[in-house]
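# Secondary and tertiary structure notes
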Amino acid sequence: MTRGSWPCLLFATPLLLGACVARGPEMAADLVLLGGTVVTEDPARPQAEAVAVRGDSILAVGADHDIARLAGPAARRIELHGAMVVPGLIDAHGHVRSLGDEIANLDLHGAASVEEVARQVKERAARLPPGAWVTGHGWDQNLWPGRTFPDHRPLTEASPDRAVWLRRVDGHASWANRVAMQAAGVTRSTPDPPGGRIVRDARGEPTGVFVDNAQNLVAAARPPATRDQIKESLRLALERCAAAGLTEIHDASVGPEVVEAYRDLADAGRLPLRVYLMWDGIGDARIEPLVEQPPFVNYRNRLTLRAVKLMIDGAMGSRGAVFEDDYADDRGNRGLLVTPPEEIERRAELSMRKGYQVCTHAIGDRGIRLTIDAYEKALAAARPRDPRPRIEHLQCVAARDVPRLKTLGIIASMQPSHATSDMDWAEDRVGAERGKGLYAWRWVLDAGVVLAAGSDFPVDPERPLVGIHSGVTRQDLKNRPAGGWHPEQKMTLDEVLRAYTAGAAYAAYEEDRKGRIAPGLWADLTVISKDLRAIPAADIPGAGIEYTIVGGTVVYEKRQEAAVP
Ligand SMILES: [Zn+2]
């Protein structure tokens, strides 16, 4: 993981440095970061003060006075005032479009009246392309005078020509305007569907509020997103990720239309971050036409598609994750296979033969074991050159299966903040004994397995500082519980940082290009306002991001809140 080339070690001695600079402008840096605490994750030089960047690569790492002399006449100089520079942080498992859709939706949490909602709807409606629906979420009539369900009229007035569809805060009811109801063909003669209710007035007319399954009547009428809408969602999400300090996302399941949207953005130079894509091979998906297309790597210096996402079981929260034994809080239930193990094996083998990496969502101990078994067989049959199969989440692993991860070269792609998001109920599901293997990244690291960290955003926040905090403390953002939940699984700060950098880079076959700060590697850097090693762990989530730099381009900077290309 740490092999790599060492071109032109400019900083080796001041004398040599002088000679290199004197050679001509071709060696000059066009960006220098000075006066920082640079944590390189490079054993050859673990810490430095400054970094010089030329084009999209790191030119040199070293002491301030040496790096300052590399700056060309037009170079940008960034004074760091002690801020911490780490290799560009990577989220190894996120859902970019879902995050973007959330951002694009009106956020109505806390709206204090129907009028306030209507005002926001009117504003949004004025800015959308023709035919697009105004969508939103988070309204709660309990915050309004009268506390009664609203009806369609304020929304119909705010947006007479365009459909409006707003989900309630709990997701169990939605609120439509007249255009949305017309688009769905809902009238007074539409019956309530099983498990759902159309709220009606005294004359039997639908009021505009749809409860539980009745929501599908209107939701199904929404037009599919256009390419431009998908692009806008991706762009909004990536902008948010850049502000969080991320330089790369592994997008965990995309269809062909999303891949095309990404390509458009890359062609237009509008992808601020690197994105590593996984084809959506979940459930009934037919992966044959997907893996028939050859993988591509580093398209326009931003985009790679060389992985397939599979899913063997469900999630623990809804008791869908598959276990060898019953759920401790639901006797007789052992979860639900989303994809049969033979089919995981078949898809894995096919993907490997076509040059794709396989990434399988597996959460329960049996789901994980069956995935390891399937990988073992697929690897033996396909004999791929450098497969690096991944298990996504690995949330409740049996101790005896951990060494097999190492033997088979399986990467653990885990989300530190899931531990602290789930800790209030996770052990109820599995009991104390199995609970030892919950979010067991200490076991994974001690077995020598590569750990790649992520967030599964928008399930958890996209902010890596939140995940780093969970990884180090096993505490949530309120610092609960004291001492941490299952503190025996804590990671050191260095270990978490490596999981967000070198580990995630290896999981994307990028260890020779990023994951460390060293000459010749991509200039992907995250600048954190404070040195995380010098502050109390409780302050990590709020430490702040100063700059995000991808391929030598500043894609986020705190002071101006701008500069996304
Ligand atoms: Zn996910």
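Residues numbered from 1 in each chain as written. Predicted model: local features only at pLDDT ≥ 70, side-chain atom pairs only at ≥ 80, totals over all residues. Heavy atoms only, no water.

A few words now on the confidence of the model for the protein chain. Overall, the predicted model of the protein chain reaches an average pLDDT of 93, with 94% of residues at or above 70. Below a pLDDT of 50 lies the segment residues 1–25, which in the model reaches 47 contacts outside its immediate sequence neighbourhood of four places, other chains included. (pLDDT = per-residue confidence, 0-100. Contact = heavy atoms within 4.5 Å.)

There is about 930 Å³ of room inside the largest pocket. Along its surface, the largest pocket is lined by 35 residues, and Ala 104, Trp 133, Thr 135, Arg 222 and Gln 229 are the ones closest to its centre. Of all the secondary-structure elements, those providing two or more residues to the lining of the largest pocket are helix H3 (96–104), helix H4 (114–127), strand S10 (134–139), strand S11 (164–168), helix H7 (215–219) and helix H8 (227–243). The dominant element in the lining of the largest pocket, judged by the number of residues it contributes, is H8, at six residues. Residues of the lining of the largest pocket, tallied by class, amount to 14 nonpolar, 12 polar and nine charged. In this structure, the second largest pocket encloses a volume near 230 Å³. (1 Å grid on protein atoms, 1.4 Å probe; cavity = no way out; pocket = protein on both sides within 12 Å on 5 of 7 lines; lining within 4 Å. Points joined across faces, edges and corners; volume = space filled by probe spheres on them. Helix = DSSP H or I, 4+ residues; strand = E, 2+ residues; numbered from the N terminus. Nonpolar A, V, L, I, M, F, W, Y, C, P; charged D, E, K, R; others polar.)

Take the packing of H3 against H8 next. It is at 7 Å that the axes of H3 and H8 come closest, and there the two elements cross at 95°. The angle between H3 and H8 falls in the class roughly perpendicular. Contacts between H3 and H8 pair Val 96, Arg 97, Leu 99, Gly 100, Asp 101, Ile 103 and Ala 104 from the former with Ile 230, Ser 233, Leu 234, Leu 236, Ala 237, Leu 238, Arg 240 and Cys 241 from the latter. In terms of residue class, the contact of H3 with H8 is built from 10 nonpolar, two polar and three charged. (Axes fitted to C-alpha atoms, helices over the stretch in contact; angles between N-to-C directions. Parallel < 35°, antiparallel > 145°, perpendicular 65-115°, else oblique.)

On to the nonpolar core. Among the nonpolar cores identified, the biggest contains 96 residues, and Tyr 262, Leu 273, Met 316, Ile 391, Leu 394, Ile 468 and Leu 532 are the most heavily contacted of them. Broken down by element, the residue count for this core peaks at eight residues, all from helix H12 (residues 365–382). With residues up to four places along the chain from it excluded, the contact list for Leu 532 reads Met 84, Leu 465, Ile 468, Leu 493, Ile 540 and Ala 543. Among the nonpolar cores identified, the runner-up in size contains 20 residues, and Val 117, Val 121, Ala 158 and Val 164 belong to it. (Core = buried A, V, L, I, M, F, W, Y, C linked by side-chain atoms within 4.5 Å. Buried < 20%, exposed > 50% of the residue type's maximum accessible area, 1.4 Å probe, protein only.)

The next thing to look at is the coordination of the zinc ion. Coordination sphere of the zinc ion, protein contribution only: His 93 (NE2), His 95 (NE2) and Asp 456 (OD), at 2.1 to 2.2 Å. Mapping the donors of the zinc ion onto the primary sequence yields the spacing H-x1-H-x360-D. Just as His 93 is buried, His 95 falls in that class too. (Donors = N, O, S within 2.8 Å, 3.2 Å for Na, K, Ca; no water.)

This paragraph deals with H4. With 14 residues, H4 ought to run about 20 Å at 1.5 Å a step, and its terminal C-alpha atoms sit 21 Å apart, in line with that. Along H4, the positions that sit buried rather than exposed are Val 114, Val 117, Ala 118, Val 121, Arg 124 and Ala 125. The buried residues of H4 occupy one face: seen down the axis, they fall within an arc of 130°. Exposed and oriented more than 90 degrees from the buried face of H4 are Glu 115, Lys 122, Glu 123, Ala 126 and Arg 127. (Expected span 1.5 Å × (residues − 1). Arc of directions from axis to C-beta.)

It is at 9 Å that the axes of H8 and helix H9 (residues 256–267) come closest, and there the two elements cross at 70°. Considered as vectors, H8 and H9 are oriented roughly perpendicular to each other. The two elements H8 and H9 meet at a crossing, and its hand is right-handed. In this structure, H8 contributes Arg 227, Ile 230, Lys 231, Leu 234, Arg 235 and Leu 238 to the contact, and H9 contributes Glu 257, Val 258, Glu 260, Ala 261, Tyr 262, Asp 264 and Leu 265. Looking at the contact of H8 with H9 residue by residue, the classes come out as seven nonpolar, no polar and six charged. (Left-handed = near helix turned anticlockwise from the far one by under 90°.)

For the rest of this paragraph, the subject is helix H18 (residues 493–507). Relative to the 21 Å expected for 15 residues at 1.5 Å per residue, H18 spans 20 Å between its end C-alpha atoms, a close match to the ideal helical length. Along its length, H18 reaches its greatest deviation from straightness, about 45°, at Ala 499. Of all 15 residues in H18, 13 are buried; the element is thus mostly enclosed. Of the residues flanking the end of H18, it is Tyr 509, one or two places downstream, whose phi is positive at about 60°. (Bend = angle between axes of the 7 residues up to and from the residue.)

Now for the environment of Thr 190. Counting through the fold element by element, Thr 190 comes out in the loop between helix H6 (178–184) and strand S13 (196–200). Residue class for Thr 190 comes out buried when judged on its relative accessible area of 14%. With near-sequence residues (within four places) excluded, Thr 190 lies in contact with Gly 185, Ile 198, Arg 200 and Leu 217. For Thr 190, the side chain forms a polar contact with the main-chain nitrogen of Thr 187, separated by 2.9 Å. (Polar contact = N/O pair within 3.5 Å; in protein donor to acceptor, adjacent residues only side chain to side chain.)

Spatially, the six strands line up as an open sheet ordered S3-S2-S7-S23-S24-S25, and their pairing is mixed. At either margin of the open sheet sits one strand with a lone partner, and together these are strand S3 (47–48) and strand S25 (553–557). Relative to strand S7 (residues 84–87), strand S2 (residues 37–39) runs parallel, the two sharing two bridges. Within S7, the position partnered with Thr 37 by the bridge is Met 84. (Pairing = 2+ DSSP bridges.)

What follows concerns the pairing of strand S19 (residues 357–362). By the criterion of burial, S19 is predominantly enclosed, with six of the six residues buried. Of the two faces of S19, the one lined by Gln 357, Cys 359 and His 361 and the one lined by Val 358, Thr 360 and Ala 362 are each fully buried. Bridge count for strand S18 (residues 303–311) against S19 is five bridges, and the pairing is parallel. Bridge pairing in S19 places Lys 309 opposite Cys 359. Crossover connection from S18 via helix H11 (residues 341–353) to parallel S19: handedness right-handed. Of the strand pairs in this sheet, S19 and strand S20 (residues 390–393) are connected by four bridges, and their pairing is parallel. Residue His 361 lies in a different strand from S20, and its bridge partner there is Glu 392. (Right-handed = clockwise from strand over helix to strand, strands pointing away.)

Counting across every chain of the model gives 44 salt bridges. Between Glu 433 and Lys 436 there is a salt bridge, and its shortest N-O distance comes to 3.1 Å. The exposed category is assigned to Glu 433, whose relative accessible area is 58%. A relative accessible area of 40% places Lys 436 in the partly exposed class. Overlapping salt bridges, with partners in common, bring together Glu 324, Arg 366, Arg 369, Asp 373, Glu 376, Asp 401 and Arg 404 in one network. (Salt bridge = Lys/Arg side-chain N within 4 Å of Asp/Glu carboxyl O.)

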